[in-house]
Amino acid sequence: IHSPDEFDMMLKLQVPSCLRTTKLDAGLFYRIDLTRPTRHPIKDFLLEKNRTLSSSKILTEMFRLIRKFLKTYRVPDRRCRWEVNKKKPNSPAVTLSLCRKEISGEELISVDVVPALEGQKVQSWPLAVRNGPDVDNWLGKKLRQEIRSLPCYFVPKRQKGRKLGEDAKESWRISFSHIEKKIIKSHGNKKTCCESRDTKCCRFISAGPGSPSSHRKPYRPRKMNMCFHQQVLALRKQCLMLLKSLIEGLKQCFPKDLKDLCSYHGKTAFLHTLSARFDDSSWAPQQLPACFLHLVGALQNHAERGLLPHFFVPECNLFATSVFPRKALVFLVNVLEEQKREGLPLLQPPALLPPLTPTTVRAEVNAGELSETSHPLISSECLKFILVFVLVVGLGFNFLCF
């Protein structure tokens with residue numbers, strides 16, 4: 001939050017429509033099979049003697065292609081280099097780091113590239129999540145139906161645990177990250193001031209009475225003139241950013257005790273809080289400290305009870321002892337209480353770093369050499385676009401939280 005330098009990118013892979021999902025747990029992890037033989041390039045990533053799509057093969061191929069791409073790619077700023085991070089257990093991403101050459105280990109930008117399969121709309125969502133999230137009171141039934149019409153995605157992430165079976169080792173986790181962004185940015189079921197053409201909004205200020213232009217269409221003033229609902233959205237965004245920053249700080253201070261904690265636990269607690277406190281008056285723009293402390297308390301309460309249902313898969317408990325040990329939950333409750341008591345010292349901003357000097361981005365790559373070994377499912381041109389895009393965003397644009 002103090003120095004935004006982390007990016008997440010979902011790389012959607014082209015897949016045939018003949019896919020079948022089989023639930024492996026309460027509805028978070030799945031086995032994906034082809035219903036019939038195919039000539040699609042996806043056939044190269046099937047397990048031997050069956051039609052099960054291998055998540056490990058997809059991820060291994062991603063690592064191989066990206067490493068080969070970086071051998072011929074030249075960073076525009078010769079003082080920097082891209083590095084592929086070591087594969088993390090149970091992680092669905094290939095993590096890249098842009099580092100300085102003269103200062104060993106200094107990371108400027110990191111990007112997680114996550115391969116994903118899109119669930120076909122004709123297949124709808126898997127049965128365990130088909131009803132969609134319970135957001136009727138918060139967002140209304142209309143937006144809930146709109147959410148259910150969107151596709152879901154599957155990322156190559158294996159289940160946690162020891163002595164896993166073949167299906168668990170090659171499992172795919174369902175992802176709703178794109179829908180999470182959409183609902184977090186939504187006003188709620190009282191959003192008429194910014195969406196209805198008939199209702200005037202304080203962002204659209206017309207000329208005063210008696211003015212020659214008083215009967216003309218209203219105009220948009222500068223961005224600072226936000227309506228109340230827009231201010232509420234901005235405050236909610238700040239609360240989530242602060243919570244993610246707090247979680248990251250706790251993990252850095254206690255890497256062993258909180259190794260199972262991640263930012264998604266914070267986002268899930270945030271979504272449940274929004275669903276319960278859906279009235280905009282509960283998020284008054286002047287009450288940032290109180291709103292954030294309420295959010296921290298909500299996460300602490302979930303940890304005390306050992307119950308944090310996945311927002312889209314309520315039967316799945318993210319704080320179950322099988323994935324988050326009870327000892328770690330007790331430790332999390334204690335450190336959150338300590339942070340609140342001492343005034344959240346982990347959120348104190350660090351010293352500012354000098355900004356990077358913008359340079360013209362120009363990629364030089366031997367396309368012929370890459371095309372010989374690049375798999376048609378994951379093209380080298382797509383990898384080139386990802387790296388150039390991330391570099392441009394990191395050097396020249398403001399970071400977007402969501």
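The name given to the protein in an unreviewed UniProt entry is Cyclic GMP-AMP synthase, and the organism recorded there is Ameca splendens. The UniProt entry for the protein carries the following text under Sequence similarities (unreviewed entry): "Belongs to the mab-21 family."

J.: Help me get a handle on the packing of aromatic side chains, residues and values and all.
T.: For the coordinates displayed, the defined rule picks out eight aromatic pairs. Each ring, one from Tyr30 and one from Phe154, has its centre 5.7 Å from the other, and the planes form 80 degrees; the classification is edge-to-face. Of this pair, Tyr30 sits in strand β3 (residues 29–34) while Phe154 sits in strand β7 (residues 153–155), placing them 124 residues apart in sequence. We classify Tyr30 as buried; its relative accessible area is 2%. Assessed through its relative accessible area of 4%, Phe154 is described here as buried. Measuring from centroid to centroid gives 6.5 Å for Phe270 and Trp283, while their planes differ by 75 degrees, and the two rings are edge-to-face. Taken together, the positions of Phe270 in helix α8 (residues 263–276) and Trp283 in the loop between α8 and α9 (288–305) put the pair 13 residues apart, joining distant regions of the chain. The class of Phe270 is buried, set by a relative accessible area of 0%. A connected cluster of aromatic rings, assembled from ring pairs, spans Trp125, Phe176, Phe311 and Phe312. One cation-aromatic arrangement involves Arg173 over Tyr264; the distance from NZ or CZ to the ring centre is 5.8 Å.

J.: Pulling in residues and values, what's your account of the nonpolar core?
T.: In this structure, Ile183 and Leu332 are the most contacted members of the largest nonpolar core, which totals 87 residues. Counting residues per element, this core draws most heavily on helix α7 (residues 228–253), which supplies eight residues. Residues within four places of Ile183 in sequence aside, it is in contact with Trp138, Leu139, Ile147, Leu271, Phe311 and Phe312. Ala93, Val114, Ala116 and Val155 belong to the second largest nonpolar core, which has five residues in total.

Reading the values: the criteria
- Residues numbered from 1 in each chain as written.
- Predicted model: local features only at pLDDT ≥ 70, side-chain atom pairs only at ≥ 80, totals over all residues.
- Heavy atoms only, no water.
- UniProt positions renumbered as here; feature names shortened; annotations may be inferred.
- Phe/Tyr/Trp six-rings, centres within 6.5 Å; stacked < 30°, edge-to-face > 60°.
- Helix = DSSP H or I, 4+ residues; strand = E, 2+ residues; numbered from the N terminus.
- Buried < 20%, exposed > 50% of the residue type's maximum accessible area, 1.4 Å probe, protein only.
- Lys NZ or Arg CZ within 6 Å of the ring centre and 35° of its normal.
- Core = buried A, V, L, I, M, F, W, Y, C linked by side-chain atoms within 4.5 Å.
- Contact = heavy atoms within 4.5 Å.

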